[in-house]
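Coordinate analysis (summary)
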Amino acid sequence: MRKLFFNILMMTVIGSLSVRSLNNVKEEYLNNINHLNLEEKIIKDNSEYDIKKICSYEFCDFFDGDSIKGRIEKFTKRYLNTINDEEIKNTLKVKGIKITKIIYKN
């Protein structure tokens, strides 16, 4: 009985520690950044390798690729694939896709 109680207690402690580390995500909310000027912000902050995801409102995608420009282009293509209207796509390409949040790696 003691072994069972001890095992349950240990699993609860280990489980709570792993859940706590999952919730330890650093997020930065942005106001005046779009995909056209995101590269400048990343270079200025020197955070190229710290970024896990970038978001535009409800759409979030992993920030992966070979270079900063490549990563931004990949995000742009994936975001534009979610939009059906060609006129809106062309407007976003010119004016920029608003970046609302950056999620950093732990």
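Residues numbered from 1 in each chain as written. Predicted model: local features only at pLDDT ≥ 70, side-chain atom pairs only at ≥ 80, totals over all residues. Heavy atoms only, no water.

Mapped onto the elements of the fold, Glu48 is located in the loop between α2 (38-45) and β2 (51-56). Arg71 provides the closest opposite charge to the buried, unpaired Glu48, separated from it by 4.0 Å. Once you skip the residues sitting within four places of it in the chain, Glu48 turns out to touch Ile42, Phe63, Ile68 and Arg71. (Helix = DSSP H or I, 4+ residues; strand = E, 2+ residues; numbered from the N terminus. Buried < 20%, exposed > 50% of the residue type's maximum accessible area, 1.4 Å probe, protein only. Lys, Arg positive; Asp, Glu negative; His and termini not counted. Salt bridge = Lys/Arg side-chain N within 4 Å of Asp/Glu carboxyl O. Contact = heavy atoms within 4.5 Å.)

Core analysis: the largest hydrophobic core is formed by 18 residues, its most contacted members being Leu38, Ile51, Ile54 and Ile102. For this core, the elements supplying multiple residues, two or more each, are α2, β2, α3 (68-80) and β4 (101-104). When residues in this core are grouped by element, the largest group, five residues, is from α3. Residues within four places of Leu38 in sequence aside, it is in contact with Ile33, Ile54, Ile72, Ile99 and Ile102. (Core = buried A, V, L, I, M, F, W, Y, C linked by side-chain atoms within 4.5 Å.)

As a further point, take the packing of aromatic side chains. Under the definition given, this model contains three aromatic pairs. A ring pair is formed by Phe59 and Tyr79, whose centres lie 5.3 Å apart and whose planes are at 70°; its orientation type is edge-to-face. Note that Phe59 is positioned in strand β3 (residues 59-62) and Tyr79 in helix α3, a separation of 20 residues in sequence. Looking at Tyr79, the relative accessible area reads 14%, which means it is buried. With 6.2 Å between their ring centres and 20° between their planes, Phe75 and Tyr79 make a pair best called stacked. One end of the pair, Phe75, and the other, Tyr79, are both in helix α3, four residues apart, so they sit about a helical turn from each other. Of the aromatic side chains, those joined through ring pairs into one cluster are Phe59, Phe75 and Tyr79. The ring of Tyr104 has Lys26 lying over it, and the distance from NZ or CZ to the ring centre is 4.9 Å. Across from the ring centre of Phe62, 4.7 Å away, lies the NZ or CZ of Lys53, which sits over that ring. (Phe/Tyr/Trp six-rings, centres within 6.5 Å; stacked < 30°, edge-to-face > 60°. Lys NZ or Arg CZ within 6 Å of the ring centre and 35° of its normal.)

With that settled, consider the sheet that holds β4. With antiparallel pairing, the four strands of this open sheet are ordered in space as β1-β4-β2-β3. Here the strands that pair on one side only, and so sit at the sheet edges, are β1 (26-29) and β3. Between one strand axis and the next, the sheet turns through 20° on average, direction left out of account. As paired strands, β2 and β3 are joined by four bridges and run antiparallel to one another. Bridge pairing links Ser56 to Phe59 in β3. Across the sheet, α2 touches β1, β2 and β4, and the angle it forms with β4 is around 40°. Against the sheet, α3 touches β2 and β3, its axis set at about 140° to β3. (Pairing = 2+ DSSP bridges. Axes fitted to C-alpha atoms, helices over the stretch in contact; angles between N-to-C directions.)

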